[in-house]
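Residue strings, one per chain:
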Amino acid sequence: MAAIFRTLLLLIFTLSELYFGINSIGVGVNYGRIANNLPPPTQVSGLLNSLNINRVKVYDAEPKVLEAFAGTNVEFIIGLGNENLQKMKDPQQAQTWIQQNVQPYISQTKITMINVGNEVLGGQDTQLASYLLPAMKTMYGALVTLGLNKQVYITTAHSLQILATSFPPSQGSFQESMVQYIKPILDFHAQVDSPFFINAYPYFAYKSDPTHVPLEYVLFEPNNGSVDPNTNLKYDNMLYAQIDAVYSAIKALGHNDVEVKISETGWPSKGDENEAGATVENAGIYNRNLMQRMQQGEGTPARPSQPIDIYLFALFNENEKPGPMSERNFGLYYPDGSLVYKLGVKSYVLPRMDYSSSHKDVLSLFIILFLILGSYYFLKR
């Protein structure tokens, strides 16, 4: 009987370890749909479920997508397009948008965040930049009015063009012309406890200067790395250096209370002749190595105890995206659902630990089973 109990106990611990291992990685995925050959959202829902992906970021609030994920455990970040920022300065417009795009679905589909605009800062449209924070504030105010501000957070995603200095990471700083917008946005994030999203692509740094940017450094492969002369911290990859540079820039504006998350990162599997490094091999290496590091719960050199939270770009190749060929080939999957390359970590994106009721139920089941078996064993002694 003791041998049976020990075997069952080992099984429980093994299942628990597997459960927590699967749900402990800070990796989500961007689900873009600028294509005419993608499967319907109902099929995508099944695909993600089969691969145990439970965090998804989309760029709009398409009803068919939100309806397709009703009753699933997938957490959604939905998007408010840049074209809507100006009118969202009106509190009534903001409330109407949430009433139409969040309230009808949130009881069945887990909407956790609204991404207000995408890469607004750093471009030439200063008028659009002036609309960003007012839109974020009125959207948050509408959530408060509707009693949803504890369920849904407000943020926006920035490109790394907002940085004036990115190396050494300890000297990271924002463009001077951007500070007037970024400082009050950081104040807002600190007030409402929402993250600062950045879209970080080491690929673009390599593409622009393949002669001087070591490929191994941007692909998380073994390399000599670089040392920050101010902190003596060694960086063996560019993404971590970029993240710490953003943290330094934020600190320079007086904030240590805002978390940086990666809203987009990835590598294209195909590109034009002048797009260095855009190959299936490199894309597979980048995403596999990144996911393996996330599985280990790594932090950056400056914040080693804080696991990195990322959203890979993107779920599918998107054949109607404008721009160079690489823009249409960032997908983990072809439209037919086949992998572009092997992902390495059980062939799927693993989600971060989630303390939702369904996960608590599973954990409770483990505990109850342990107590029952323990009681049975000791009663038989």
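In what follows, the accompanying structure is described.

About the criteria used
- Residues numbered from 1 in each chain as written.
- Predicted model: local features only at pLDDT ≥ 70, side-chain atom pairs only at ≥ 80, totals over all residues.
- Heavy atoms only, no water.
- Phe/Tyr/Trp six-rings, centres within 6.5 Å; stacked < 30°, edge-to-face > 60°.
- Helix = DSSP H or I, 4+ residues; strand = E, 2+ residues; numbered from the N terminus.
- Lys NZ or Arg CZ within 6 Å of the ring centre and 35° of its normal.
- Buried < 20%, exposed > 50% of the residue type's maximum accessible area, 1.4 Å probe, protein only.
- Arc of directions from axis to C-beta.
- Contact = heavy atoms within 4.5 Å.
- Polar contact = N/O pair within 3.5 Å; in protein donor to acceptor, adjacent residues only side chain to side chain.
- Axes fitted to C-alpha atoms, helices over the stretch in contact; angles between N-to-C directions.
- Parallel < 35°, antiparallel > 145°, perpendicular 65-115°, else oblique.
- Left-handed = near helix turned anticlockwise from the far one by under 90°.
- Pairing = 2+ DSSP bridges.

A closer look at the packing of aromatic side chains
This model, assessed by the stated rule, comprises 17 aromatic pairs. Relative to Phe 330, the ring of Phe 313 has its centre 5.7 Å away and its plane inclined at 65 degrees; by these criteria the two rings are edge-to-face. Placement of the pair is Phe 313 in the loop between strand S12 (310-312) and helix H11 (357-380) and Phe 330 in the loop between S12 and H11, with a sequence separation of 17 residues. The ring of Tyr 31 carries the charged tip of Arg 33 above its face, separated from the ring centre by 5.8 Å.

Structural notes on unusual backbone geometry
Phi is mostly negative for residues that are not glycine, and the peptide bonds are mostly trans. Of note, the bond from Phe 167 into Pro 168 is cis; its omega dihedral lies within 30 degrees of zero at 0 degrees. Take Pro 168: it is sitting in the loop between strand S6 (163-165) and strand S7 (173-174).

Some words on helix H4 (residues 91-101)
Of all the positions in H4, only Ala 94, Gln 95, Trp 97, Ile 98 and Asn 101 are classed as buried. The arc enclosing the buried residues of H4, seen along the axis, measures out at 160 degrees, which places them on a common side. Packing partners of the buried residues in H4 comprise helix H3 (63-68), strand S3 (75-80), strand S4 (110-118) and helix H5 (126-145). Regarding H4, its N-cap is Asp 90, as a side-chain oxygen of that residue lies 3.0 Å from the backbone nitrogen of Gln 92 further along.

Notes on the packing of H4 against H5
Where H4 contacts H5, the axes come no closer than 8 Å and their chain directions differ by 60 degrees. On the basis of the axis angle, H4 is oblique to H5. Two packed elements cross with a definite hand, and for H4 against H5 that hand is right-handed. Along the contact surface, H4 presents Pro 91, Ala 94, Gln 95, Trp 97 and Ile 98, while H5 presents Thr 138, Met 139, Ala 142, Leu 143 and Thr 145.

Remarks on the sheet that holds S3
In a beta sheet, neighbouring strands pair by backbone hydrogen bonds and run either parallel or antiparallel. With parallel pairing, 8 strands are arranged side by side around a closed barrel as S1-S2-S3-S4-S5-S8-S11-S12. Geometrically, the sheet is characterised by an average inter-axis angle of 30 degrees between neighbouring strands, direction not taken into account. Against the sheet, helix H6 (residues 176-192) makes contact with strand S5 (153-159) and strand S8 (196-199), and its axis sits at roughly 145 degrees relative to S5, the strand it touches most.

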